[in-house]
Structures are given as C-alpha cells and as structure tokens.
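Tertiary structure, described
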Amino acid sequence: MDSKIIVTSHPRYGYYYDIKTSDQTVPFIPNLGVSRRSVFDEVKTPAYKKQHNVFRDYTIGRSSPVWKVSPAARRAAANSRLEQLSQPKKFHSEYEPCRPVQTTVSSAAQKAAASPRTEDLSQPKKRSPIEGREWTIKQSALLSRASARVHELSHAKGVPIGFTPDKIEVWQVSKAALKARPSKRIDDLALPIKREIATNLPNPDAFEVSKAAQKAKCSDRLAELAQPIIRG
C-alpha cells in the first residue's frame, strides 16, 4: 500500500498526523516508534480524516488511555528512592491546625467560684432616689446683683469695622418719586390696543328674490343631473 504520513504539532491537541493513501480506509494506525500498542489500533478510519491526539498526555498516535500492560511491568517493584518520593509532604514543625468554633470548657473552669471582690464589682451601682424638679431658692440668691464685669460680658458681640448689613426688600420711596407724573408718550403706550368690530358681515335682508325667480323651474337635464348616483 502506497501511503504517506505527515506528523504536525498542534497547540491544543498536541501532535496529530495525516495518513494519505490511495485506499479508501486505513486498516490500522501505524506505530510511530511506540512500544506499547493501543487496543484501538485495529479501528478502521477513513483516510481523509485527521487522526487527532485528543489526550495530549499520551504519545503520538494514541487516542485512548487503554493499552496492554506487559508481564514485566506488572512484576516491577519500586526502588527505595521512588518509595521516598511517593511519601506525602509533611507539615512544618510549628504548624498548628485551625481551632474549631466550639471550644470545650475544662472541668476546673466549670467548678470555679468568683472571689468576694469580683462579686462586689458585679453589683450594680447604687444611686440615690431622684427628687422632684421643684426646689426652693435661697433669699440671698434672690437679692444678689450682677457685678459691672458681668454686665460688660453680657453685652452682645459687635460687628467688625466695615461691616455692611444685608439689603432688605422694603425701602423708602423718595418724595420726588411719589410726585412724579408720566409723560404723554407713556400714557399713550399704557392704553390697551383698540380692536375694530367687523361690519361687512352678510345681511340676510340685503336683497329680495323676484317672483319670476320664485316661479322658475329647472329643465329636465338639470333635474336628471340633480338626482343622486345609484350605487349597487
């Protein structure tokens, strides 16, 4: 059988190859230097389809993780170095695991008794009963007078030099403004716009219809045209 094998590297599938042959099907996937053969080697595959190595961890031409294990591989024993490397990594000597949320209270803590000082501090603070809000003012307090210094301190703080107060909305109108009179032009502009009423409306009694016009009759043609159109 005249065939040609092209091996190509693929970024996703790893290696795959094309089998170009003149036959319609390929009887088996050739062994490209692989010692172990897959049980799927005898599967017939069309020649125009690419043989993808979907499992990138396997060698070229192997599309399944199933293969025959030789008797020598079954009887093989690992050496001491492999046994050492197969051991899991140990924790650090000072490593402490996470503490559980629920803690166990020791028997000594459960049987402990508070000292007299702790009992004394645990008592609520004693407060005297609240008296009424009314109280008696002494006669000397009623006759007391403030000193000159207290009167001086009781005055409100003055405004700084150059302070300008805010302008208020209400202001005084001068006498000249009160006596002012508008000019004739302003009086003319103040008058509302005069609008004329239309007088050219039609008058129903503007003319009389003559007796001849009242007795007139239309022709047969006009009577025919005056009839409504009959629609089916």
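Structural data are supplied above this passage.
Residues numbered from 1 in each chain as written. Predicted model: local features only at pLDDT ≥ 70, side-chain atom pairs only at ≥ 80, totals over all residues. Heavy atoms only, no water.

Helix and strand content of the protein: ten helices and five strands. The burial tally for the protein puts 7% of its 232 residues in the buried class. In the protein, 44% of the contacts between residues at least 6 apart in sequence involve partners at least 24 apart. Per element, the accessible surface of the protein, about 23,900 Å² overall, is 56% carbon and sulfur. (Helix = DSSP H or I, 4+ residues; strand = E, 2+ residues; numbered from the N terminus. Buried < 20%, exposed > 50% of the residue type's maximum accessible area, 1.4 Å probe, protein only. Contact = heavy atoms within 4.5 Å. Areas by Shrake-Rupley, 256 points an atom, 1.4 Å probe, with all protein chains shown as cover.)

Take the pattern of salt bridges next. Oppositely charged side chains are able to pair whenever their charged atoms sit close together. Per the counting criterion, the structure on display carries three salt bridges. Put simply, Asp120 and Arg117 hold a salt bridge, and the shortest N to O gap is 3.8 Å. In this pair, Asp120 and Arg117 are both assigned in helix 4 (residues 116-122), three residues apart and thus about one turn of the helix distant. Assessed through its relative accessible area of 53%, Arg117 is described here as exposed. The salt bridge involving Arg221 is made with Glu224; its shortest N-O contact spans 3.5 Å. Taken together, the positions of Arg221 and Glu224, both in helix 10 (residues 220-226) and three residues apart, correspond to about one turn of that helix. Under the relative-accessibility criterion, Glu224 is labelled exposed at 53%. (Salt bridge = Lys/Arg side-chain N within 4 Å of Asp/Glu carboxyl O.)

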